[in-house]
Structure formats: C-alpha cells, structure tokens
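# Observations on the model geometry
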Amino acid sequence: MTTRVIHSPTESDLKDAAEIIKVGGLVVFPTETVYGLGANALDPDAARRIYEAKGRPSDNPLIIHLPSVDEVKKYACPPDIYFELAKRFLPGPLTVVMPKKDVIPDTVSAGLPTVAVRVPSHPTASRLCRLAAVPIAAPSANLSGRPSVTTLKAAIEDMDGRADMIIDGGESDIGLESTIISLAGEPTLLRPGGITLEQLRSVIPDIKIGGAVKEKYDGRAIAPGMKYRHYAPDMPVVLLDGSDEAFFACVAERCAALAAENKACGVLCYDEDLPHITPAVREMLSLGPKSDESAAAHRLFTLLRSFSGVDVVYGRLPKSEGLGLAVFNRLVKAAGFDIVKL
Ligand code: TXA
Ligand code: MG
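Residues numbered from 1 in each chain as written. Chains lettered and ligands numbered in written order. Predicted model: local features only at pLDDT ≥ 70, side-chain atom pairs only at ≥ 80, totals over all residues. Heavy atoms only, no water.

To continue, consider the overall build of the protein chain. Per the secondary structure count, the protein chain includes 11 helices and 16 strands. A globule of 342 residues ought to have a C-alpha radius of gyration of about 20 Å, and the protein chain, at 20 Å, matches this closely. Here the C-alpha coordinates of the protein chain stretch approximately 60 × 50 × 30 Å along the principal axes. When contacts within the protein chain are restricted to residue pairs at least 6 apart in sequence, those whose partners lie at least 24 apart make up 68%. As displayed, the protein chain offers around 13,900 Å² of accessible surface, 51% of which is attributable to carbon and sulfur atoms. (Helix = DSSP H or I, 4+ residues; strand = E, 2+ residues; numbered from the N terminus. Rg over C-alpha atoms; globule rule 2.2 N^0.38 Å. Contact = heavy atoms within 4.5 Å. Areas by Shrake-Rupley, 256 points an atom, 1.4 Å probe, with all protein chains shown as cover.)

Here it is as structure tokens:
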C-alpha cells in the first residue's frame, strides 16, 4: 500500500481523509495526546484492518473518537456524572468507558458490553471526526508493543505502507495517551494521562484506582490492553529507585560490568543528573528538568524510540503525583516492571 503523507492539512485534505475513513481505509491523524490510527468504527472490516496494521491482539478494544459530547448518546449510555466531567474536561485528553449501544460492532469493543469514548480537542482530529460523520475508532498509531507515536517521523517509521494516509501535526502537545476512566461500574481510573487523578477527584472524590495503574497486571485489570508489554524500545529498560547518589553509583557500576562483556548502556534521566553520570555511558537522554512533568510526558516516547546502539537502558523511577503518575505508569510498563530498589 502506498501511504500519502499530508503536511499542513487544508480543508480539502481533511475531506479526502474523511472519505478514506468512510470507505473503510486507515488514516493516521494527530491528536493532543498522541497520533491515532483511525478507521470507521461502524464498519467491522475497517476496524479489523486496524488490528492487522498494528499487529494488535484482537481482544484489546478500540477507543471511538467523536467531534462533540452531543453525539455520545448515539453510541453509549452515559450516566449523569459523565456530563459533569465533560463540562470540566471535554473536549480533551479524557476517555470514558461506558455501556455501549448495539451500533458499535464487537470488533471495536473486542466483545465487551462497553465502549471507550473520547472527544479530542486537537483541531485536526476534531475536524476529521466532524467530516467523517461516523465515529472514528483509533488506537495509538504505533506497532503493537512499541512506544506510542508523537511525531511524524515515528508515524512514518511504524505506519508507512500500512495506512492509506498520514496527516502531519508536528509534535504531539501532551505526548502521552489520554486518561481512561470507567463509568460502567464504580468510577475507576484505568489509565492515568493528561487529566490527572487530582483533577478527576474534584468531580468524583471517591474514584477508585485500577489495579494496572501502578502495579503489574494481575489478571483482574479491566482495561484489556494493560496485560500486554507496552511502550518498549528495542532493548530492556531497568528502573533504579533510590537517591541521586545511589543512582549515579549504580549506573557507574553496572555500566563498567557491561563494558567488560563488550556491551554498552544508555541512561534516561533528568537535566540535573547529566553532569554526574559516568562518561562511560554511551547514550544519555534527558526528560528535562526534574520538576517539569509536562516536559517528561512530552519527550518520553520519542526518547524511548531513539535509543539505538545500547544493550540496556537505565532509568529513574519518577514521582507519581499529578501528570507524573502517567509518566510513572508508562515507564514502569516500558521496563516490564523491572525495578531495582537501591
Ligand atoms: O490518547 C489516546 O487515548 C489515544 C489517541 C489516539 O486517542 N488512543 C489510545 O488508544 O491510546 P489505545 O488503543 O492505544 O489505548 C486504549 C486503551 C487500551 O489499553 C484498551 O484496552 C483500553 O483503552 N480500552 C478500550 N476500550 C475499552 C473498554 N471498553 N473497556 C476497557 N478498556 C478499554
Ligand atoms: Mg496504544
């Protein structure tokens, strides 16, 4: 398949993209969180193409994207609290799981009685949803298991030859996927993201925290995607949990041990750490200043994708408050929960 790449999309380009979606094709488009791989959510064959293009297991359901909150009732059964949340946070990086209506095919919901609904704020995503006039099923536009796509370069790396069109939207603003909550039973946070737990608590004070947010999937998590290895670069990631001094010492020691076996190590850290890390480290990448959680969110997936000539990456366990919880969640998954307490 030849993939058309569109820069600075015009209204006419977006009409072409909407047409591709309507006839069952695949379009990679920018959102405020990460790039999505979109298809007509009412067409089971189109949805099936998403799973094929990503190499995604068929038991992992898709999020549907709508141009406005007014359309949600056509596809899902939102409880009253949904509209309270919507007043505060939508359009924006919040996805809500609710009981689904029959028009949503099982291919999209992976056989579940629920559907995850998102109303994105990115103008390109929003306009595309409006022009397509059907809900757009869109997972993140990465190959299954890889870090999500937050730049055109990553979109081309993973989806060239697999999607009909890629729309360039520059670097994703937030850089991590949307917050997901379930309102299908007791309100529960399933995946932390751009809307923080603290913000959600201002509307739902007693919201539960799903089992897969901070810990390894234990078979009970309700977001099926949580059980798969995620966000992984091409080499293992190990997180070191300890003081600055313990981190620098451990990296120096492990890096020397690896060098003795002719292996190289990489480090994922913060600006303040850079001067203290052994020069024996081959690739040293920074998430930004330690206190800047949005910089870390914005850079994380690009950095995870850019390690290349190293055998292991050592990272630091981030703080888990505010947007930091989302960074924490993605990093521990990238590391497959390989965390060393120093
Ligand atoms: O920011 C985002 O949410 C991006 C952009 C493109 O909108 N999309 C995204 O989709 O991250 P995806 O498929 O990569 O992640 C969606 C997660 C998966 O872990 C999936 O299992 C979960 O949402 N999910 C989808 N439908 C669900 C449902 N009905 N119940 C529980 N979890 C669901
Ligand atoms: Mg994904």
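From this point on, the discussion continues.
The contact between helix H10 (residues 293-306) and helix H11 (residues 324-334) brings their axes to 9 Å, and the two run at 20°. Here H10 lies roughly parallel to H11, going by the angle between them. Note that H10 runs across H11; the crossing there is left-handed. Facing H10, whose interface residues are Glu293, Ala296, Ala297, Leu300, Phe301 and Leu304, H11 presents Gly324, Val327, Arg330, Leu331 and Ala334. (Axes fitted to C-alpha atoms, helices over the stretch in contact; angles between N-to-C directions. Parallel < 35°, antiparallel > 145°, perpendicular 65-115°, else oblique. Left-handed = near helix turned anticlockwise from the far one by under 90°.)

Turning our eyes to something else, we now look at unusual backbone geometry. Leu90 connects to Pro91 through a cis peptide bond whose omega is -5°. Tracing the chain through its elements places Pro91 in the loop between helix H4 (80-89) and strand E5 (94-99). Despite not being glycine, Ser8 shows a phi value in the positive range, around 35°. Within the fold, Ser8 resides in the loop between strand E1 (4-6) and helix H1 (11-22). We classify Ser8 as exposed; its relative accessible area is 63%. Unusually for a residue other than glycine, Ala133 sits at a positive phi of about 60°. Tracing the sequence through the fold places Ala133 in the loop between helix H6 (123-132) and strand E7 (136-137). (Buried < 20%, exposed > 50% of the residue type's maximum accessible area, 1.4 Å probe, protein only.)

Domain boundaries in the protein chain define domain 1 (4-209) and domain 2 (237-341). A straight line from the C-alpha centre of domain 1 to that of domain 2 covers 30 Å. Counting residues at the interface gives 27 residues for domain 1 and 15 residues for domain 2. Here domain 1 packs against domain 2, burying approximately 1,500 Å² in sum over the two surfaces, 58% of which is carbon and sulfur. Across the domain 1-domain 2 interface, the total number found is 3 salt bridges. The shortest N-O distance in the salt bridge between Glu177 and Arg330 comes to 2.7 Å. Summed over the shared surface of domain 1 and domain 2, the result is 11 residue pairs in polar contact (both at pLDDT 80 or more). Looking at which element gives the most residues to the side of domain 1 that touches domain 2, the answer is helix H7 (residues 152-159), with 3 residues. When its residues are assigned to classes, the side of domain 1 that touches domain 2 shows 9 nonpolar, 10 polar and 8 charged. (Domains from an automatic or database assignment. Buried area = accessible area lost by both parts, 1.4 Å probe. Salt bridge = Lys/Arg side-chain N within 4 Å of Asp/Glu carboxyl O. Polar contact = N/O pair within 3.5 Å; in protein donor to acceptor, adjacent residues only side chain to side chain. Nonpolar A, V, L, I, M, F, W, Y, C, P; charged D, E, K, R; others polar.)

Another point: H4. Every buried residue of H4 is accounted for by Tyr82, Leu85, Ala86 and Phe89. Down the axis of H4, the smallest arc covering the buried residues is 105°, so these residues share one side. The exposed set on the far side of H4, more than 90 degrees from its buried face, consists of Asp80 and Lys87. Elements in contact with the buried residues of H4: helix H3 (72-75), E5, strand E9 (179-182) and helix H8 (197-201). (Arc of directions from axis to C-beta.)

The subject of this paragraph is the sheet that holds strand E12 (residues 237-241). The strand order across the open sheet formed by 5 strands is E14-E13-E15-E12-E16, and the pairing between neighbours is parallel. Unpaired on one side and paired on the other, strand E14 (283-286) and strand E16 (339-341) mark the two borders of the sheet. Adjacent strand axes in the sheet meet at a mean angle of 25°, parallel and antiparallel pairs treated alike. Where helix H9 (residues 244-260) meets the sheet, its contacts fall on E12, strand E13 (265-269), strand E15 (312-316) and E16, and the angle it forms with E15 comes to roughly 175°. Relative to E14, H10 is tilted by about 170°, and along the sheet it contacts E13 and E14. (Pairing = 2+ DSSP bridges.)

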